[in-house]
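One-letter residues, chain by chain:
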Amino acid sequence: MYSEKVMDHFQNPRNVGEIENASGVGTVGNAKCGDIMRIYLDIDENQIIRDVKFKTFGCGAAVATSSMATELVKGKNIQEAMKITNKAVAEALDGLPPVKMHCSLLAEEAIHAALWDYAQKHNITIEGLQKPKSDIHEGEETEEEEY
Ligand code: FES
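Residues numbered from 1 in each chain as written. Predicted model: local features only at pLDDT ≥ 70, side-chain atom pairs only at ≥ 80, totals over all residues. Heavy atoms only, no water.

### Overview of the overall build of the protein
- For the protein, the helix and strand inventory stands at five helices and three strands.
- Ordered by position in the sequence, the α and β elements of the protein form the string α-β-β-β-α-α-α-α.
- Taken over the C-alpha trace, the protein has a radius of gyration of 14 Å; the compact-globule value for 147 residues is 15 Å, and the two agree within 12%.
- Referenced to the eigenvectors of the C-alpha coordinate spread, the extents of the protein come out at roughly 45 × 35 × 25 Å.
- A total of 147 residues make up the protein; the buried ones form 48% of that total. (Helix = DSSP H or I, 4+ residues; strand = E, 2+ residues; numbered from the N terminus. Rg over C-alpha atoms; globule rule 2.2 N^0.38 Å. Buried < 20%, exposed > 50% of the residue type's maximum accessible area, 1.4 Å probe, protein only.)

### Re unusual backbone geometry
- With a phi close to 50 degrees, Asn 21 is a non-glycine residue in the positive phi region.
- Mapped onto the fold, Asn 21 is located in the loop between α1 (4-11) and β1 (24-29).

### Let's talk about the confidence of the model for the protein
- For the protein, the average pLDDT comes to 90, and 90% of its residues sit at 70 or higher.
- Mean pLDDT values over the elements of the protein span from 93, in helix α5 (residues 101-122), up to 97, in strand β2 (residues 36-43). (pLDDT = per-residue confidence, 0-100.)

### Some remarks on the packing of α1 against helix α2 (residues 60-73)
- Between α1 and α2, the shortest axis-to-axis distance is 8 Å and the interhelical angle comes to 90 degrees. The angle between the axes of α1 and α2 places the two elements in the roughly perpendicular class. Residue-level contacts link Val 6, His 9 and Phe 10 of α1 to Gly 60, Val 63, Ala 64, Ser 67, Met 68 and Glu 71 of α2.
- When its residues are assigned to classes, the contact of α1 with α2 shows five nonpolar, three polar and one charged. (Axes fitted to C-alpha atoms, helices over the stretch in contact; angles between N-to-C directions. Parallel < 35°, antiparallel > 145°, perpendicular 65-115°, else oblique. Contact = heavy atoms within 4.5 Å. Nonpolar A, V, L, I, M, F, W, Y, C, P; charged D, E, K, R; others polar.)

### Overview of the sheet that holds β2
- Ordered in space as β1-β2-β3, the three strands form an open sheet in which the pairing is antiparallel. Single-partner strands in this sheet number two, and they are β1 and β3 (49-57). Across the sheet, the axes of successive neighbouring strands diverge by a mean angle of 15 degrees, strand direction being ignored.
- Where β2 and β3 come together, eight bridges link them in antiparallel fashion. In the sheet register, Leu 41 faces β3, and the bridge partner there is Val 52. (Pairing = 2+ DSSP bridges.)

### A few points about a nonpolar patch on the surface
- On the surface, Met 1, Tyr 2, Met 7, Phe 10 and Val 99 cluster together to form a nonpolar patch covering roughly 530 Å² of accessible area.
- Topologically, Val 99 is positioned in the loop between α4 (86-92) and α5. (Patch = residues over 30% accessible without salt bridge, like charges linked within 9 Å, V, L, I, M, F, W, Y side chains within 5 Å. Areas by Shrake-Rupley, 256 points an atom, 1.4 Å probe, with all protein chains shown as cover. Salt bridge = Lys/Arg side-chain N within 4 Å of Asp/Glu carboxyl O.)

### Describing the side chain of Asn 15
- Residue position: Asn 15 is located in the loop between α1 and β1.
- On the accessibility criterion, Asn 15 (12% relative accessible area) is buried.
- In this structure Asn 15 touches Val 52, Lys 53, Phe 54, Ser 67, Thr 70, Glu 71 and Lys 74, once residues within four positions along its chain are discounted.

This is how it looks when you write it as structure tokens:
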């Protein structure tokens, strides 16, 4: 049911971890399943994403899509990163079963939430970026989220 690439990214996820003093951090939850994803972005003065890390309390498809999404945004500028949709991530993984497409949204939303956080901190506007709907702020988290 899963492509080899999905299995590979699930078993060997890239860019797992956190970034201290990240330029932007986004945490989103999936209302359907309750899974949570956090993405850290390190963005340089030319608005290039120098580094990216993620943590998830989510299913295998969420792990694989986040891993692939971090690979896709690394080294890109923020405008290019905005264009990376969950569909693009799923395609890069050679597809996801339809019932798992909602999992791939977590990665896209978490990247947008982290970019939003960065934009807020730097007082800039990123074209096409909207305030994340499901951003979970520090302090609103529950114990279970400590993974
Ligand atoms: Fe929750 Fe996949 S089932 S993210």
